[in-house]
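# Remarks on the overall topology
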Amino acid sequence: MEYKSAVLSYKASRQEQPPYLSLSLRPYRPSRSLRSLSAELLHIPKRKNCRLRGNRRFSVAAPRIWNNLPLPARTVNNF
């Protein structure tokens, strides 16, 4: 499941496919200049509740999986 989420995250952020998933992923933009700006991280939305269902949503789980990948895997240009 994590592999499929990482693949969908890559495709949604790089190739704009599928479009309904790319709308739920936003790039991480820190409010000031940090080294993590060049790490190609995704923004993890804040959850209003800590229930399990909220953690399994694609918009929450996919950025967490993507951000845990090593930097060379996140910055590769071709799939």
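Residues numbered from 1 in each chain as written. Predicted model: local features only at pLDDT ≥ 70, side-chain atom pairs only at ≥ 80, totals over all residues. Heavy atoms only, no water.

In a soluble, globular protein the nonpolar side chains are often hidden away together inside. Counting 7 residues, the largest nonpolar core is built from Y10, A12, L21, L25, L42, A62 and W66. Residue assignment for this core shows that the elements contributing at least two residues are α1 (2-14) and α4 (58-68). Apart from the residues within four sequence positions on either side, L42 is in contact with L25, R26, P27, Y28, P63, W66 and N67. (Core = buried A, V, L, I, M, F, W, Y, C linked by side-chain atoms within 4.5 Å. Buried < 20%, exposed > 50% of the residue type's maximum accessible area, 1.4 Å probe, protein only. Helix = DSSP H or I, 4+ residues; strand = E, 2+ residues; numbered from the N terminus. Contact = heavy atoms within 4.5 Å.)

A few words on the pattern of salt bridges. Close approach of charged atoms allows side chains with opposite charge to pair. Taken as a whole and judged by the stated rule, the model has 1 salt bridge. Residue E40 is joined to R14 by a salt bridge in which the shortest nitrogen-to-oxygen separation is 2.6 Å. Note that E40 is positioned in the loop between α2 (19-22) and α3 (52-56) and R14 in helix α1, a separation of 26 residues in sequence. According to the relative accessible area criterion, E40 is partly exposed, its value standing at 31%. Take R14: its relative accessible area is 31%, and that puts it in the partly exposed class. (Salt bridge = Lys/Arg side-chain N within 4 Å of Asp/Glu carboxyl O.)

As far as function goes, none of this settles anything; it's purely spatial.
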